[in-house]
Amino acid sequence: MSANGDALVTITIDGKEVKVPSGELLIKVAQEHGTYIPRFCWHERMKPVGMCRMCLVEIDGVPGLPPACTTPVTDGMVVHTTTPQVRKVQDGVLELLLINHPLDCPVCDRGGECPLQDTTLAFGPGESRFVEEKRHWEKPIPVSDLVLLDRERCIQCARCTRFADEIAGDPLISFGERGGHTEITTFPDEPFASYFSGNTVQVCPVGALTAQPYRFKARPWDLDAAETSCLTCAVQCRGALESASNQLVRLLGVDSDPVNQGWLCDKGRYGYEAINAENRVRYPMVRKSTGADGSPGELVECSWPEALDAAADGIQRALDLNGPRSVALIGGARGTNEDAFAWARLAKGVLRTDNVDAQLGDGLPAAVALGLPHALINDLDTAAAIVLLGPDLKEELPVLYLRVKKAAADGGVPLIEISPRDTGLSRYASARLRHLPGEQADTARKLAAAISGTPSASPDIDAAAALLVGRDGDLVVVLGRGDLAESADVTVGAAAALSIIENVKFLVALRRANVRGALELGLAPGFLPGRATLDTGRDHFVNEWGGVPEEVGLDALGIFSAAAEGRIHALILAGSDPINDCPDRALARNAIMASGFVVAIDTFLTESSKRADVFLPASIWGEKTGTITNLEGRVQRVAQKVSPDGTAMPDWRIAAELAARLGVEFDLESADEVTEEIARVAPAFVGLDMSLLRRARDGAVIPIALFPDEIHLGRAGVALQGASWDPILPVPEVVPEDTDDNSDLHSIVLSVSPAVQLHEWDSASPQLPTPARDAYALRLIVGRTLYDGGTWTMASPSLSPLVPESVLLVNPQDRDRIGVADGESVRVATGRGSIAARVRGDLATPIGTAFMAFNLPGPGAADLVDATLSVTDIRVESIR
Amino acid sequence: MTFTTKNLERARTIVASYPRPKSAVLPLAHLAQDQDGWLSPEAMREIALMTGIEPAEVLGTCSFYTMFKRDPVGRLVVSVCTNVTCLVTGGPELLEHLVDRYSDDDEVFVEEVECLASCDGAPAMQVNYEFHDGLTTASAEDIIEAYKRGELVARGTSGGRLS
Amino acid sequence: MSAVETRIITKRIRDRAEDSWTIDGALASGAYEGLKKAIAIGRDAIGQEQVKASGLRGRGGAGFPTATKWSFLPEASFPRYLVINADEGEPSTFKDRMLLEADPHQLIEGIVIAAYAIECNLAFIYLRGEFALGYERLVDAIAAAHAKGFLGSNILGSGFDLEIVVHRGAGAYICGEETALLESLEGERGMPRIRPPFPAIEGLYAKPTVVNNVETISTLPHIVLMGGDEYAKLGVNRSTGTRLFSLSGHVKRPGNYEVELGITFRDLLYSPELGGGIREDRAVKFFIPGGASSQWLIGSDEHLDAPLDMDYVQQTFGVMLGSGAVMVYDETVNPVLVAWRLAKFFAHESCGKCTPCREGTGWIEKVLFRIVNGHGRPQDLDMLFDVCESISPGVMNAPFTQTTICPLGPSAVSCVASLQKYFRDEVLAMCAGPALIPVSAS
Ligand SMILES: Cc1cc2nc3c(=O)[nH]c(=O)nc-3n(C[C@H](O)[C@H](O)[C@H](O)COP(=O)(O)O)c2cc1C
Ligand code: SF4
Ligand code: FES
């Protein structure tokens, strides 16, 4: 039996007998046993099509020349891959592929890392006999804003079209025409606007598809690569980050089976551009009064010691005058685990304040996110059913969307979507349970009851529950904030309702890149690093740190309210921009304006950080090493590929410098030392030291004692360098001698036990009354779009043009009732404020509701939401 | 909207006659072409909507098939075979003659096609998919002129008898 | 065995030329009698007794035994589909068009019998898009058959239901290939599928499917009526019964002839009741049996006296009876011109899915075009032949193999192989000097 339980069969490849899982494709098992059969169209993550004909082999007893990519192995199969007949055919196919291929390699992005070049060298004929005129096409033509197509270079392998259709579910590119005229085509005026378009460039075996951001940026032999994870969202896809001359030029997807399976979204793939942005802040700044009038003055550049002293002084003054409760820290969810840990220690161990939150009122309480029974991404494939109780994954966590889509569309796992309107996954859902904003918990409660055998009054809900009948496996709930216009309590209520179902597990779909790591490391009120609560962890951390906060502090919304009332005297913004990211902009703005002293640790001057008294420039992803924790709790390493331009420092070091000035030495000299320290003191991270992290191919899921099977010691992968048209496999830094045997490790892992009992959520939660909506109002739904006004997107030249315009989506019936046409402007008002917006009719938005995307440039949803209310009802009127 | 009310009705019936809606792409494209004389982007969009697929997929499918004209053509589509029986019985000459003769006539679109399954009467041609064989350059021209005058009416495209 | 027509499936067409396609004309000449008998003898007796005994082999090209094909359907797996291949696009084949236009009821009757035998309730006719008259007559005939209770629910009180959908193709020869046909029927580009799985296991909509040619299915009513054994007495060896041959080119009497298998090519070409000899009594230079996909034969006695026996011609000369087309060329014809036109056809009709066919057919066409236009080089023929070997290794010695997904690739090289076999000197002569061998096209 193989690892996944398939029967093994014995086959012979070129005289070598090997045992392989029955039914696997010949091309794959041959490669795994050292025989590379050349190929162009086959890709391990897509269905085989057998069209390039490069992989033909001979098999005893099988007539003709079967393609290895479509042939499943059977017991006793005897395969020959190098006979004269096979060689001749390989020569022939290559010659034919090349007759119409322009030999413009010197100016082709793929030149030097081109599978067609490489395969020709290894398997091809020496010369071409083709003297006729080659095929000609206009070149290159854009197929989208990010991807260009050179049809002359295309070898018609259908990898891009299959990716778009099978994997992304966006069949916006297709083969057109036929025979020798076959070309990749888009529909007129409908570009390949897929969030995943960059993957087609990566899987293209030639330079037919090139990426606008990378075009002509580098020659492959000048590139230097390091394996890392993307820090754009909380999926944290594995990637190979490449630089040339200390400039990041490309991120390629690495095939990590439990996480991204080779894919990246375009936002993650091209977001690195922000790092090179002109307007990065490269030096520290302090606000200096310029005139004698006592005006606040401007931020001016200064030295690090001056800035750090100023920051420490301001914080110390607040502590001295008003005590720890007057100090607060917001942020820490965009950095590494090491950064988060250092901020937690500064705030809780040094400043002794518990007014700390990595989220901005846009997430879920840490008690819930950390305390639910956790599912892994891989659990989606084998789930009895998946309940979607959260955001539009396609917009917020794109590669998680791919995994859910795959489980539903290819794996037949029933998908139950509980949401107020359609999302990117609705078309794959077996059941769509719609509800008004604010009433999600009610729907969840009825579903839970129906699953437990008490029919609800709703046939839809009962039908959804029936999908589980006769299915084994866990119920996986994907839990996040679907609607930023309603209180998080609504989602908490829904989670509580579902948590009583037997065999339920939760995948916490919070978006900000390292939010899980930040929460796990104590950046939330009531928590200490390593999933310990203030109560359970008190003794342990008093012992380690000398002290912790006395009482549970405020969360972000609480901090903002307190600040707005003048009760926060020092506010630390650790890479956060509340004015843009808090759903209630007025509250956040007032809070920052009213805070006595603000320190911002950031990379850009944002709406929030430009109001700080001290600005400390931080280094970012690509510029620093460390570990991160993805939404399933998987801890992996990130790599430094370039050194920051200017004097930016990693957050953990800034926190340590501040601590030192406030009288506490952290004694941590490198990111690795912080990692070791986390493994030592943070209960949930126990055992996760550098020696394990260096060897674990896919990282490890915390707490490791619960997930020993997730640790795989490295196996040799192909080199990271170069465009990975074949899936790139992760490369461990240290390859242990015995690559297959994890058993020793597992017994070690099982023996580690945390010093402190890890937090579990007690789901008894209050039921919230939902206020009735008056007949003239629409109930607002606020969700995210992938490209938004976020700092990174706006600072990436390739991505910023993709940010959509803010519009109010309403059902066409409501639009007509308001009396406007698509594109006309309306005034949208709540008790919080009012904005002008354009309207568009949208069938995905039910009658009585309205949708607005969060955080698009200009006035928007955040100007309407009052975070103290459980839902947001808007009045809409025409302004003509 | 591309389809006329009557054709929209037919289109719905066609979609319903298949176990899967995507199967209706070719018949709907024929219907649109029979109605409009060509397969316009708007028609492909409408077909995409009716079959629940992307317009790019409709285009991908339709552009595979030579009968679908994705640019407007004349009212009369004259298809002349030059395949191996017509090749030796006057097909190429007939094609050349008709191409020359109607090069300035917007109403007549002359195209070369593969074997029309009319080889016993080679050379052969179709006018809007109506067969004519045993042709000479003169008789072919007469026939086309008869269509132009409306004395002959075809079944296929623009003849409208199939839609 | 005589060099005259043996009219079974063409009987009605010949006898009632004035109204053979109408329901009245058809009923007056015995239509649907086979169906009644089929229902009477029962489902199991049709396929595995009568059709099997008849030795009927597919008339679409490959000559696969029909009963065997049906027997591959997995038991108890429903729905199943029957798809009629009416895409007739093989150059110089025009028999199915005649059957469709002139006797649609014979086909419908065959469909009901086949569907009844294989337990299928929805059948499709994939009709070549250009067959406008055929479409009209089929649609009318289906409506008429419905009205008479030969289609629809509870056909003739048997409890069996069947609907037929006529699906028009749109100009793509490759859609005659059965898996490309199924793709096309599913609304896709007509690109052949990888086999296995074969259509009988996973065909239309991934359900068990039988694809049969128009002529194959049109024969069924007669097999049921005559009895399979009786039918098998016609023909020769494993080529039983009659077949329709589409005779064209330089014969005096081009046309469709239904003859008993086993007569010779000479009979077919020269018999006064059949081809009637070569125009102006010239000599046959070469002829293409079996449609454009087949390799060629020449006007030698050995070739002309070969019997119309599917296996014999395959084994002896590496050619096929294929779709039943026979194109005849007299001594005035330049074989390179014909080869080029065939190459152009295959390059135009290659679906483009596999590299060797997509690129190879275009290359062959370009080189032959150059030769035809007087710019051939001495090395061209051997180079071409080597390119053909990349598409169809061993193309000269049947059974050859193929590097492609479907047989279109190897079909495309038949013409080059034939030039190499029979006209090498003539081609080389064309490649040597500036002079073009003039071609008479009339
Ligand atoms: C390129 C190609 C074109 C074909 N065209 C036709 C066709 O036009 N009509 C047909 O009946 N069979 C055609 N065939 C054969 C079919 O694939 C299939 O064998 C046949 O429809 C089966 O029916 P039968 O068993 O009744 O002959 C073609 C095959 C190939 C490879
Ligand atoms: S051999 Fe030619 S026609 Fe057949 S599948 Fe391959 S490319 Fe298409
Ligand atoms: S045909 Fe097997 S890899 Fe392309």
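For clarity, every value in this text was computed on a predicted model and none was experimentally measured. (Residues numbered from 1 in each chain as written. Chains lettered and ligands numbered in written order. Predicted model: local features only at pLDDT ≥ 70, side-chain atom pairs only at ≥ 80, totals over all residues. Heavy atoms only, no water.)

Quick word on the overall build of chain A
So, step 1. Within chain A, the secondary structure is distributed over 26 helices and 35 strands.
So, step 2. Counting only contacts in chain A whose residues sit at least 6 apart along the sequence, the fraction spanning at least 24 positions is 70%.
So, step 3. With an accessible surface of roughly 31100 Å², chain A has 50% of that area assigned to carbon and sulfur atoms.
So, step 4. Each charge class in chain A was averaged separately, 81 positive and 119 negative side chains, and the resulting centres sit 3 Å apart. (Helix = DSSP H or I, 4+ residues; strand = E, 2+ residues; numbered from the N terminus. Contact = heavy atoms within 4.5 Å. Areas by Shrake-Rupley, 256 points an atom, 1.4 Å probe, with all protein chains shown as cover. Lys, Arg positive; Asp, Glu negative; His and termini not counted. Charge placed at Lys NZ, Arg CZ, Asp CG, Glu CD.)

Topic: the domain arrangement of chain C
Residue and element names in this part refer to chain C.
So, step 1. When its domains are assigned, chain C resolves into domain 1 (11-232), domain 2 (241-330) and domain 3 (335-432).
So, step 2. A straight line from the C-alpha centre of domain 1 to that of domain 3 covers 34 Å.
So, step 3. For the pair domain 1 and domain 3, the summed buried area comes to about 900 Å², and 76% of that belongs to carbon and sulfur atoms.
So, step 4. Seen at the junction of domain 1 and domain 3, the total is zero salt bridges.
So, step 5. In this assembly, domain 1 and domain 3 are joined by two residue pairs in polar contact (both at pLDDT 80 or more).
So, step 6. Residues of the side of domain 1 that touches domain 3, tallied by class, amount to seven nonpolar, two polar and three charged. (Domains from an automatic or database assignment. Buried area = accessible area lost by both parts, 1.4 Å probe. Salt bridge = Lys/Arg side-chain N within 4 Å of Asp/Glu carboxyl O. Polar contact = N/O pair within 3.5 Å; in protein donor to acceptor, adjacent residues only side chain to side chain. Nonpolar A, V, L, I, M, F, W, Y, C, P; charged D, E, K, R; others polar.)

Comments concerning the interface of chain B and chain C
Often, the extent of an interface is quoted as the loss of accessible area upon association of its parts.
So, step 1. Facing 44 residues of chain B, the contacting portion of chain C comprises 58 residues.
So, step 2. Together, the buried faces of chain B and chain C total about 4200 Å²; carbon and sulfur atoms form 57% of this surface.
So, step 3. If you sort the residues of chain B by the area they bury against chain C, Phe64(B), Val88(B) and Glu114(B) come out on top, with a joint share of 16%.
So, step 4. Along the contact surface separating chain B from chain C lie six salt bridges.
So, step 5. Between Glu114(B) and Arg341(C) there is a salt bridge, with the nearest N and O atoms lying 2.9 Å from each other.
So, step 6. Connecting chain B to chain C are 25 residue pairs in polar contact (both at pLDDT 80 or more).
So, step 7. Those elements giving two or more residues to the side of chain B that touches chain C turn out to be α2 (25-36), α4 (55-62), α5 (84-87) and β2 (108-113) of chain B.
So, step 8. Counting residues per element, the side of chain B that touches chain C draws most heavily on α2(B), which supplies five residues.
So, step 9. Looking at the side of chain B that touches chain C residue by residue, the classes come out as 20 nonpolar, 15 polar and nine charged.

A word on the packing of aromatic side chains
So, step 1. Summed over all chains, the structure comprises 26 aromatic pairs over all chains.
So, step 2. Summarising the aromatic geometry, the rings of Phe196(A) and Tyr401(A) are spaced 6.0 Å apart at their centres and angled 10° between planes, so their arrangement reads as stacked. Pair noted here: Phe196(A) is in the loop between β8 (183-186) and α5 (198-203) and Tyr401(A) is in helix α12 (residues 398-409), with a separation of 205 residues, a long-range link.
So, step 3. Consider the rings of Phe345(C) and Phe346(C), whose centres lie 5.0 Å apart with planes at 75°: the pair is edge-to-face.
So, step 4. Taking the relative accessible area as the measure of exposure, Phe345(C) reaches 1% and is therefore buried.
So, step 5. One aromatic cluster in this structure is built from Phe286(C), Trp296(C), Tyr329(C), Tyr422(C) and Phe423(C).
So, step 6. A cation over an aromatic ring shows up here: Arg97(C) above the ring of Phe131(B), its NZ or CZ 3.4 Å from the ring centre. (Phe/Tyr/Trp six-rings, centres within 6.5 Å; stacked < 30°, edge-to-face > 60°. Buried < 20%, exposed > 50% of the residue type's maximum accessible area, 1.4 Å probe, protein only. Lys NZ or Arg CZ within 6 Å of the ring centre and 35° of its normal.)

Some points on the pairing of strand β15 (residues 327-331) of chain A
Residues and elements named next belong to chain A.
So, step 1. Counting buried positions over the five residues of β15 gives five, a clear majority of the element.
So, step 2. Alignment of β15 against strand β24 (residues 570-574), held across five bridges, turns out to be parallel. Its bridge partner being in β24, Val-327 is matched across the sheet by Ala-570.
So, step 3. Bridge count for β15 against strand β16 (residues 356-357) is two bridges, and the pairing is parallel. Residue pairing across strands places Ile-330 opposite Asp-357, the latter belonging to β16.
So, step 4. The parallel pair β15 and β16 is bridged by helix α8 (residues 337-350), and the resulting crossover is right-handed. (Pairing = 2+ DSSP bridges. Right-handed = clockwise from strand over helix to strand, strands pointing away.)

Observations regarding helix α20 (residues 585-594) of chain A
Residues and elements named next belong to chain A.
So, step 1. Residues of α20 that are buried: Arg-585, Leu-587, Ala-588, Ala-591 and Ile-592. Axial view of α20: buried residues confined to an arc of 165°, hence all on one face.
So, step 2. Tucked into the core, α20 has its buried residues touching α18 (556-564), β24, α19 (578-581) and β25 (598-602). (Arc of directions from axis to C-beta.)

With respect to the interface of chain A and chain C
So, step 1. Listed as interface residues are 34 residues of chain A and, on the opposing side, 33 residues of chain C.
So, step 2. With both chains or domains summed, chain A and chain C bury close to 2700 Å², and 53% of this area falls on carbon and sulfur atoms.
So, step 3. Looking only at chain A, the three residues that lose the most surface to chain C are Leu96(A), Arg129(A) and Arg178(A), adding up to 26% of its buried area.
So, step 4. Taken together, chain A and chain C are joined by five salt bridges.
So, step 5. Between Asp386(C) and Arg129(A) there is a salt bridge whose closest N-O contact spans 2.9 Å.
So, step 6. The tally of links between chain A and chain C comes to 19 residue pairs in polar contact (both at pLDDT 80 or more).
So, step 7. Residue contributions to the side of chain A that touches chain C peak at nine residues, all from helix α2 (residues 84-99) of chain A.

Focus: the sheet that holds strand β1 (residues 76-81) of chain B
Residue and element names in this part refer to chain B.
So, step 1. Across the sheet, which stays open at both edges, the four strands sit in the order β2-β1-β3-β4 with mixed pairing between neighbours. Either end of the sheet is taken by a strand with one partner, and the two such strands are β2 and β4 (130-132). This sheet shows a mean twist of 25° between the axes of neighbouring strands, independent of strand direction. (Axes fitted to C-alpha atoms, helices over the stretch in contact; angles between N-to-C directions.)

Some remarks on the site of ligand 1
Residue and element names in this part refer to chain C.
So, step 1. With respect to spatial proximity, 17 residues lie near ligand 1, and among them Gly-60, Lys-69, Asn-85, Asn-213 and Thr-216 are the closest.
So, step 2. Within the contact set of ligand 1, an oxygen atom lies 2.9 Å away from a side-chain nitrogen or oxygen of Asn-212.
So, step 3. The element best represented in the shell around ligand 1 is strand β4 (residues 209-213), accounting for three residues.
So, step 4. Grouping the amino acids of the shell around ligand 1 by side-chain chemistry returns three nonpolar, eight polar and six charged. (Near = heavy atom within 4 Å.)

Brief notes about helix α6 (residues 91-101) of chain B
Residues and elements named next belong to chain B.
So, step 1. Taken together, the buried positions of α6 are occupied by Gly-91, Leu-94, Leu-95 and Leu-98. For α6, the buried positions fall inside an angular range of 100° around the axis, keeping them on one side. Counted as exposed and oriented over 90 degrees from the buried face of α6: Glu-96 and Asp-100.
So, step 2. Among the structural elements, β1, α5, β2, β3 (125-127) and α7 (137-148) are those in contact with the buried residues of α6.

Focus on the nonpolar core
So, step 1. Ranked by internal contacts, the top residues of the largest apolar core, which has 209 residues, are Leu400(A) and Leu368(C).
So, step 2. A per-element tally of this core places helix α15 (residues 335-349) of chain C first, with nine residues.
So, step 3. Once you skip the residues sitting within four places of it in the chain, Leu368(C) turns out to touch Val336(C), Ala339(C), Trp340(C), Ala343(C), Leu384(C), Val416(C) and Leu419(C).
So, step 4. Grouped together as the second largest cluster of nonpolar side chains are 114 residues, Leu372(A), Val635(A), Val681(A) and Leu688(A) included. (Core = buried A, V, L, I, M, F, W, Y, C linked by side-chain atoms within 4.5 Å.)

Some thoughts on the side chain of Ser326(A)
So, step 1. Its place among the elements puts Ser326(A) in the loop between α7 (304-322) and β15.
So, step 2. There is a polar contact of 2.8 Å between the side chain of Ser326(A) and the backbone oxygen of Gly323(A).

What to know about the side chain of Asp863(A)
All names here are of chain A.
So, step 1. In this structure, Asp-863 sits in the loop between β34 (849-853) and β35 (873-878).
So, step 2. The class of Asp-863 is buried, set by a relative accessible area of 19%.
So, step 3. A distance of 3.0 Å separates the side chain of Asp-863 from the side chain of Arg-585, its partner in a polar contact.
So, step 4. Dropping the residues within four chain positions of it, Asp-863 is found in contact with Arg-585, Arg-832, Gly-833 and Ile-835.

Looking at empty space enclosed by the protein
All names here are of chain A.
So, step 1. Applying the stated criterion across every chain, the model contains ten cavities of 30 Å³ or more.
So, step 2. Surrounding the largest cavity, 38 residues form its lining, Leu-231, Arg-334, Gly-575, Ile-620 and Trp-792 being those nearest its centre.
So, step 3. Among the elements of the structure, α6 (266-270), β25 and α25 (791-795) are those that each provide at least two residues to the lining of the largest cavity.
So, step 4. Ranked by residue count, the leading element in the lining of the largest cavity is α25, at three residues. (1 Å grid on protein atoms, 1.4 Å probe; cavity = no way out; pocket = protein on both sides within 12 Å on 5 of 7 lines; lining within 4 Å. Points joined across faces, edges and corners; volume = space filled by probe spheres on them.)

What about the sheet that holds strand β11 (residues 325-330) of chain C?
Residues and elements named next belong to chain C.
So, step 1. Spatial ordering of the open sheet is given by β8-β7-β11-β9-β10, a layout of five strands whose pairing is mixed. Each edge of the open sheet carries a strand with a single partner, namely β8 (255-260) and β10 (297-298).
So, step 2. Taken strand by strand, α15 contacts β9 (284-289) and β11, and its axis lies near 20° from that of β9.

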